[in-house]
Structures are given as C-alpha cells and as structure tokens.
Amino acid sequence: MERTLVLVKPDGVQRGLIGEVISRLERRGLRMVAAKFMAVSQELAETHYAIHKGKPFYDGLISYITSAPVMAMVWEGPQAVAAVRQTMGATKPVEAAPGTLRHDFALEVGRNLTHASDSVENGAKEVELWFKKSELVEWKREVDRWVFEK
Ligand code: IDP
Ligand code: MG
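In this text, all values refer to a predicted model and were calculated from it rather than measured experimentally.

Chemist: Explanation requested: the pairing of strand E1 (residues 2-8) in the structure shown.
Modeler: Where a strand is regular, its side chains alternate between the two sheet faces. For E1, the tally of buried residues reaches 5 of 7 residues, placing the bulk of the element in the interior. Relative to strand E3 (residues 70-77), E1 runs antiparallel, the two being bridged by 7 bridges. Counted as the bridge partner of Val 8 is Met 71 from E3.

Chemist: I tried to follow the site of ligand 1 on my own but got confused; where do I start?
Modeler: Taken together, Lys 9, Tyr 49, His 52, Phe 57, Leu 61, Tyr 64, Arg 85, Thr 91, Arg 102, Val 109, Gly 110 and Asn 112 form the complete shell of residues around ligand 1. Interatomic distance of 2.9 Å between a side-chain N/O atom of Lys 9 and an oxygen atom of ligand 1. Calculation on ligand 1 without its partners gives an accessible area of 530 Å², and the protein chains cover 76% of this total. Split into classes, the residues belonging to the shell around ligand 1 amount to 5 nonpolar, 4 polar and 3 charged.

Chemist: How do you make sense of the pattern of salt bridges when you look at a structure like this?
Modeler: A pair can form between side chains of opposite charge whenever their charged atoms are brought close. This model, assessed by the stated rule, comprises 9 salt bridges. We note a salt bridge from Asp 104 to Arg 24, for which the minimum N-O separation is 3.1 Å. Taken together, the positions of Asp 104 in helix H6 (residues 101-105) and Arg 24 in helix H2 (residues 18-28) put the pair 80 residues apart, joining distant regions of the chain. The class of Arg 24 is buried, set by a relative accessible area of 11%. If you follow the salt bridges from partner to partner, you end up with Arg 3, Arg 31, Glu 76, Glu 138, Arg 141 and Asp 144 in one network.

Chemist: It is not clear to me how helix H7 (residues 120-130) should be interpreted in this structure. Could you clarify?
Modeler: Count 3.6 residues to each turn of an α-helix, and residues three or four apart come out pointing the same way. Residues Gly 123, Glu 126, Val 127 and Trp 130 constitute the buried set of H7. The buried side chains of H7 occupy one side of the element, clustering within an arc of 105° when seen end-on. For H7, the exposed residues set more than 90 degrees away from the buried face come down to Glu 121, Lys 125 and Glu 128. Residues of H7 that are buried in the fold lie against E1, strand E2 (31-38), helix H3 (42-48), E3 and strand E4 (114-116).

Chemist: How should I be thinking about the confidence of the model for the protein chain in this particular structure?
Modeler: In this model, the protein chain carries an average pLDDT of 98, and 100% of its residues clear a pLDDT of 70 or more. Looking across the protein chain, the model is least confident in helix H8 (residues 144-147), with a mean pLDDT of 97, and most confident in E3, with 99.

Definitions and limits used
- Residues numbered from 1 in each chain as written.
- Chains lettered and ligands numbered in written order.
- Predicted model: local features only at pLDDT ≥ 70, side-chain atom pairs only at ≥ 80, totals over all residues.
- Heavy atoms only, no water.
- Buried < 20%, exposed > 50% of the residue type's maximum accessible area, 1.4 Å probe, protein only.
- Helix = DSSP H or I, 4+ residues; strand = E, 2+ residues; numbered from the N terminus.
- Pairing = 2+ DSSP bridges.
- Near = heavy atom within 4 Å.
- Polar contact = N/O pair within 3.5 Å; in protein donor to acceptor, adjacent residues only side chain to side chain.
- Areas by Shrake-Rupley, 256 points an atom, 1.4 Å probe, with all protein chains shown as cover.
- Nonpolar A, V, L, I, M, F, W, Y, C, P; charged D, E, K, R; others polar.
- Salt bridge = Lys/Arg side-chain N within 4 Å of Asp/Glu carboxyl O.
- Arc of directions from axis to C-beta.
- Contact = heavy atoms within 4.5 Å.
- pLDDT = per-residue confidence, 0-100.

Here is the structure:
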C-alpha cells in the first residue's frame, strides 16, 4: 500500500480549507495514517524543499511555508501518490483540471494550497522527514474491502 505526505499549506489553513482537503481525500477512499497541526521550522522547510534551492521562487516558497501553521498528514491506498496528486491538480492552479482542489480553490502557483509527494520514493522519504514512526497509525476500516480490491 503506497503512502504519501499531504500538507495543507498556510493559505489553505488560513482560508479554512483543511476540512475540504480532508473531505476530498476521505471520499476518494484513501485512508488517513497520521495528522498533525504544526508550525514549520526553517530547517524542516529547507530540507523538505531542498530540491528547489537556487530557483527564483525558493526564498518566497520557504517564507510561504513557514509563515503560518500547516496541517501535515499521511494518507495511504493503492496508487496513493498518483491519486492524491490528481485530486490536488497541477502545480499552477490555472492549469489544474476543473474539479481539482487547486482549480476549485486557488489562482496562483505561490498560493496553491497543498503539497503532495510526487513519487513513491519521495512519499516514503517525506513521511519519514515529517513524522516519527510512533505517529503513524496502522489500522483497518470496515469499509476497506469495498474500496480496495485486494
Ligand atoms: P508541486 O507542489 O506541485 O509538487 P513543485 O514544482 O514541487 O510543485 O514546487 C513546489 C512548490 O513551489 C509549489 O507547490 C509552489 O507552491 C511553489 N512554486 C513552484 N513553482 C513556482 C513559481 O514559479 N513561482 C512561485 N512558487 C512556485
Ligand atoms: Mg513537488
């Protein structure tokens, strides 16, 4: 079962959209594994976004993600990485498909509401970066067999 890191970024938290994000992932059938509401340290932000260091938007990105609390979560399911990226929509909200979160609730790339891991490998790495093992909850839902084929 794949796992992916999801962040409701500061704009999503400030705009009262935590519930909307959770609701869409829940109704998709994905299973929540962990969640915490937290301030993001400079160090965590820099590690998380290390791949973007040196890009023109990097400083703005670090100040955006550290500017106010985020809701950090881990979600799992078959092809969870692709499924969650699809539900979020393209990075640039004006290129995101109608019905996606970024289409429905955002306009600008620097205020695009959410983060979601972009590969299975990065999903595992990001879950480890943001959460202690003891914060991950292993559980089964009664409905799992009606959502997951195997
Ligand atoms: P992703 O969040 O869809 O994976 P990435 O390319 O990994 O997109 O970029 C990380 C984040 O950096 C984006 O979600 C967005 O908040 C921000 N970002 C990316 N490109 C730009 C840009 O051109 N201007 C401002 N912010 C950007
Ligand atoms: Mg990314």
